[in-house]
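Breakdown of the fold
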Amino acid sequence: MPKLSVRDLALKDKRVFIRVDFNVPLAPGGQEITSDKRIKASLPTIQYCLEHGAGVILASHLGRPKGKPNPEMSLKPVAVRLAELLGRPVKMAPDCVGPEVEAMKPAPGEVLLLENLRYHAEEEKNDPAFSSQLAALCDVYVNDAFGSAHRAHASTAGMVAFVSQAAAGLLMDKELEYLTKATKNPDRPCIAILGGAKVSDKIEVIQNLMKFVDRLVIGGAMAYTFLAAKGEPTGKSLVEADKIDLAKELMASAGDRLVLPVDHIVASEFKAGAEWEAVETIPEGKMALDIGPKSVELFNSIVNGSKTIIWNGPMGVFEMPPFDKGTFAVANAVANSGAVSVVGGGDSEKAVKSAGVADKISHISTGGGASLEFLSGLELPGVAALTEK
Ligand code: AMP
């Protein structure tokens with residue numbers, strides 16, 4: 001069911017609580033923000049609420065302070081950067097609940113940033129009393145923190161029981177729109193490209209994708225567990241021996257919809273600049289660190305014939321040249337395919353950015369873990385909690 005959007009709310013003179021993902025990377029010491037990407041990602045929602053006459057309360061976690069205050073994980077530097085980006089003052093609360101915070105509730109047009117939600121262990125425990133304290137600060141609730149939507153915490157799920165309306169912010173809306181369309185009603189052919197280190201991390205994703213994709217292309221270290229399951233030599237490549245039977249089952253149910261690399265870039269050692277060669281059969285003692293040129297050609301031909309592409313995980317050790325070529329070639333093909341492309345967070349995002357093609361991807365998810373759970377077919381607690389339209 002579609003969820004209420006912030007655009008559906010009457011915001012004038014209301015106090016809106018926006019759960020944002022301001023879990024920004026900080027330089028050691030916790031004073032300097034090294035990337036403000038996550039702050040910028042929720043600016044449209046914050047500005048929308050301010051323009052529509054609301055007073056805005058912003059709440060986020062930052063790092064893992066394990067239930068107690070830790071000045072190195074304070075959101076204070078975020079308040080400073082946010083004020084610069086918004087061009088208006090941002091008040092910083094000393095905590096996220098309690099009388100001092102209640103006394104700071106914002107008037108229309110004002111912005112209050114609460115201190116790190118995870119200074120309280122009750123946040124991750126989804127404690128009802130803590131949830132109701134958070135909810136008491138506001139009239140309406142908006143969740144824009146897609147990156148935390150797979151967690152059932154007080155600020156992402158629990159407090160919704162204590163508010164009259166809970167809506168998706170503009171960033172959350174965009175995430176749900178792309179991910180829902182790609183998985184529920186994709187333009188076809190619809191393909192998924194999966195890569196990365198381990199089959200074990202992505203079993204549910206593979207199983208769910210197999211329900212609806214026309215082709216599932218597998219690269220990265222994951223592919224070698226599948227090749228081992230086919231009885232092919234894998235040398236010293238990463239293989240999860242305890243997942244070989246599962247790989248056999250997955251291949252049997254997928255048939256020719258599952259596509260594996262047909263050649264490999266192998267090296268004797270796991271080292272940047274290591275001597276390499278392209279092979280169709282992995283020699284004993286060598287490890288495959290990237291897909292080879294024939295696989296690139298094969299994968300790209302599948303990419304080019306598709307209308308929807310879901311991509312998660314690199315095709316090789318893309319952090320370590322020369323084993324980045326396969327991933328970058330696929331990134332370029334996806335970007336130039338003309339298909340609707342949805343890229344999962346984390347490494348795939350880094351790959352499309354390093355390849356310089358991020359602006360040609362239809363949607364890059366802001367939530368690595370959350371997008372994987374979505375692709376696994378799971379209902380995200382932070383989404384389930386939102387009010388239905
Ligand atoms: P994941 O977090 O599961 O998406 O895995 C990403 C990691 O998988 C990256 O750090 C890659 O370097 C690594 N990776 C991809 N392909 C290979 C490979 N063939 N051998 C070893 N590691 C790989």
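Let us look at the structure shown here. Just so it is clear, the structure is predicted and the values come from calculations on it, not from any experiment.

As a further point, take the site of the ligand. The environment of the ligand is formed by 14 residues, the closest being Ala197, Ala221, Ala288, Glu319 and Asp347. Interatomic distance of 3.0 Å between a backbone N/O atom of Ala288 and a nitrogen atom of the ligand. Between the ligand and Glu319 there is a distance of 2.4 Å, counted from an oxygen atom to a side-chain nitrogen or oxygen. Burial of the ligand by the protein amounts to 81% of the accessible area it has alone, namely 510 Å². When grouped by side-chain class, the residues that make up the shell around the ligand number eight nonpolar, three polar and three charged.

Right, let's get into the side chain of Ser337. The topology assignment puts Ser337 in the loop between α12 (325-336) and β14 (340-343). Polar contacts involving the side chain of Ser337 include one to the main-chain carbonyl oxygen of Val334, which spans 2.8 Å. At 3.1 Å, the side chain of Ser337 forms a polar contact with the backbone nitrogen of Ala339.

This part takes up unusual backbone geometry. Note the cis peptide between Arg188 and Pro189, where omega equals 0 degrees. Across the junction of Pro321 and Pro322, the peptide omega takes the value 10 degrees, indicating a cis bond. For Asp13, which is not a glycine, the phi torsion comes out positive at approximately 60 degrees. Positionally, Asp13 belongs in the segment before β1 (15-19). The phi dihedral of Asn126 falls on the positive side, at around 55 degrees, and the residue is not glycine. Looking at the secondary structure, you find Asn126 in the loop between α5 (121-125) and α6 (128-135). Assessed through its relative accessible area of 25%, Asn126 is described here as partly exposed.

Turning to the packing of aromatic side chains, a few remarks are in order. Using the criterion set out here, one finds one aromatic pair in the structure. Plain terms: the ring middles of Phe17 and Tyr141 are 6.0 Å apart, the flat faces sit at 20 degrees to each other, and that makes the pair stacked. Residue Phe17 is found in strand β1, and its partner Tyr141 is found in strand β5 (residues 140-143); the two are separated by 124 residues along the sequence. For Tyr141, a relative accessible area of 0% puts it in the buried group.

Quick look at helix α3 (residues 76-86) now. Because each turn of an α-helix spans 3.6 residues, side chains separated by three or four positions end up pointing in the same direction. Taken together, the buried positions of α3 are occupied by Pro77, Val78, Ala79, Leu82 and Leu86. Residues of α3 that are buried make contact with α1 (37-41), α2 (43-51), β2 (55-59), β3 (91-92) and β4 (111-113). One or two residues past the end of α3 sits Gly87, with phi positive at roughly 70 degrees.

Further remarks concern the sheet that holds β1. Taken in spatial order, the six strands line up as β3-β4-β2-β1-β5-β6 in an open sheet, and their pairing is parallel. Of all the strands in the sheet, just β3 and β6 (166-168) have a single pairing partner and so form its edges. Here β3 pairs with β4 via two bridges, running parallel. Of the residues in β4, the one forming a bridge with Met92 is Leu113. Relative to the sheet, α3 contacts β2, β3 and β4, its axis offset from that of β4 by approximately 155 degrees.

Looking now at the packing of helix α9 (residues 222-229) against helix α10 (residues 244-254). For the pair α9 and α10, interaxial distance at closest approach is 8 Å and the crossing angle is 80 degrees. Considering their axes alone, α9 and α10 lie roughly perpendicular with respect to each other. Facing Thr225, Phe226, Ala228 and Ala229 of α9, the residues of α10 in contact are Ile244, Ala247, Lys248, Leu250 and Met251. Taken together, the residues that form the contact of α9 with α10 break down as seven nonpolar, one polar and one charged.

On to the sheet that holds strand β11 (residues 276-279). One open sheet accounts for three strands, arranged β11-β10-β12; its pairing is antiparallel. Taken across any chain shown, the strands that pair with only one partner, and hence form the sheet edges, are β11 and β12 (287-291). The mean inter-strand angle of the sheet, taken between neighbouring strand axes irrespective of direction, is 35 degrees. Direction of pairing for strand β10 (residues 264-267) relative to β11: antiparallel, over a ladder of four bridges.

So, how was this worked out
Residues numbered from 1 in each chain as written. Predicted model: local features only at pLDDT ≥ 70, side-chain atom pairs only at ≥ 80, totals over all residues. Heavy atoms only, no water. Near = heavy atom within 4 Å. Polar contact = N/O pair within 3.5 Å; in protein donor to acceptor, adjacent residues only side chain to side chain. Areas by Shrake-Rupley, 256 points an atom, 1.4 Å probe, with all protein chains shown as cover. Nonpolar A, V, L, I, M, F, W, Y, C, P; charged D, E, K, R; others polar. Helix = DSSP H or I, 4+ residues; strand = E, 2+ residues; numbered from the N terminus. Buried < 20%, exposed > 50% of the residue type's maximum accessible area, 1.4 Å probe, protein only. Phe/Tyr/Trp six-rings, centres within 6.5 Å; stacked < 30°, edge-to-face > 60°. Contact = heavy atoms within 4.5 Å. Pairing = 2+ DSSP bridges. Axes fitted to C-alpha atoms, helices over the stretch in contact; angles between N-to-C directions. Parallel < 35°, antiparallel > 145°, perpendicular 65-115°, else oblique.

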